[in-house]
Amino acid sequence: MSAKDIFHQSVCIALEKDGWNITHDPLYLKVNDVEFYIDLGAERLIAAEKSGQKIAIEIKSFLGASEVTEFHLALGQILNYRLALRQEQPERILYLAIPQDTYEDFFSRQFIQDAVAEYKIKLLIFNSLKQEVVLWKE
């Protein structure tokens, strides 16, 4: 299991403020003989429904030397996690959580936008200082 991202606690608080209940920290999946640890699992009950929305969140800071390299790694991770979830917990929707400044600076680049659209990556954009969700991008 890898170390928690620097923004892990901020995202937990932001999700709770947004009405989500953290159910898994981390969310463990095992597909055949491969184990996965997605940063968070969360659930929110929907009015008039007994079952709720279920999500999985992978948190990335993009604070390393190369944002492009970090994006490559995050993309591979997201694609593998999405496949694992589809096989083991298909009701759960996967989001990549990124800081607002990363979204505004790096994710505003056309190629990154094209890749997010091509691979249908769902984003959770958060403000790390206010510990709030800024945007859910489908």
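Being a predicted model, the structure only gives us computed values, none of them experimental.

With respect to the helices, strands and loops of the structure, Gln-89 is situated in the loop between α2 (67-88) and β6 (92-99). Using a relative accessible area of 16% as the deciding quantity, one classes Gln-89 as buried. Other than its neighbours up to four places away in sequence, Gln-89 contacts Leu-27, Leu-29 and Ala-84.

Let us look at the sheet that holds strand β5 (residues 52-59). Judged by pairing direction, the sheet is mixed, and its six strands sit side by side in the order β1-β4-β5-β6-β7-β8 without closing on themselves. The sheet is open, and its two borders are formed by β1 (21-24) and β8 (132-137), each paired with just one other strand. Going from strand to strand, the sheet's axes swing by 35° on average, the running direction of each strand aside. Where α2 meets the sheet, it contacts β5 and β6, and its direction lies at approximately 160° from that of β6.

Attention now goes to helix α1 (residues 8-17). Listed as buried for α1 are His-8, Ser-10, Val-11, Cys-12, Ala-14 and Leu-15. Considering only its buried residues, α1 is in contact with β1, β4 (40-45), β5, β6, β7 (123-127) and β8. Directly beyond the C-terminal end of α1, a positive phi value near 95° is found at Gly-19.

Quick look at the environment of Phe-62 now. Here Phe-62 shows up in the loop between β5 and α2. The residues touching Phe-62, leaving out its near neighbours within four places in the chain, are Glu-67, Glu-70, Phe-71, Ala-74, Ile-98, Thr-102, Phe-106 and Phe-107.

Turning to the nonpolar core, a few remarks are in order. Core analysis: the biggest nonpolar cluster contains 25 residues, and Ile-38, Phe-71, Phe-107 and Leu-123 have the highest contact counts within it. The set of elements that each furnish at least two residues to this core consists of β2 (27-31), β3 (34-38), α2, β6, α4 (110-118) and β7. Here the element with the most residues in this core is α2; it accounts for seven residues. Not counting the four nearest positions on each side in its chain, Phe-71 is found in contact with Phe-62, Phe-106, Phe-107, Ile-112, Ala-115 and Val-116. Formed by 16 residues, the second largest nonpolar core is a distinct cluster that contains Cys-12, Ile-55, Ile-57 and Ala-97.

Definitions and cut-offs
Starting from 1, residues in each chain are numbered consecutively following that chain's sequence as written. Where totals are concerned, whole chains, interfaces and linings use all residues; where local detail is concerned, this predicted model gives features only for residues with pLDDT of at least 70, and gives and counts side-chain atom pairs only at 80 or more. Working from all heavy atoms in the structure, the side-chain values ignore hydrogens and water. Helix and strand definitions follow DSSP, with helices as H or I runs of at least four residues and strands as E runs of at least two, each counted in order from the N terminus. Each residue's exposure class comes from its accessible area (1.4 Å probe, protein chains only) as a fraction of the maximum for that residue type: buried when under 20%, exposed when over 50%, partly exposed otherwise. Working rule for contacts: check all heavy atoms of both residues, and any pair within 4.5 Å makes them a contact. Each pair of strands is called paired provided DSSP finds at least two bridges between the two strands. In this analysis, axes come from line fits to C-alpha atoms, helices being fitted only over the stretch in contact, and the angle between any two N-to-C directions falls in the range 0 to 180 degrees. Note on terminology: a nonpolar core comprises buried Ala, Val, Leu, Ile, Met, Phe, Trp, Tyr and Cys residues joined through side-chain atoms within 4.5 Å.

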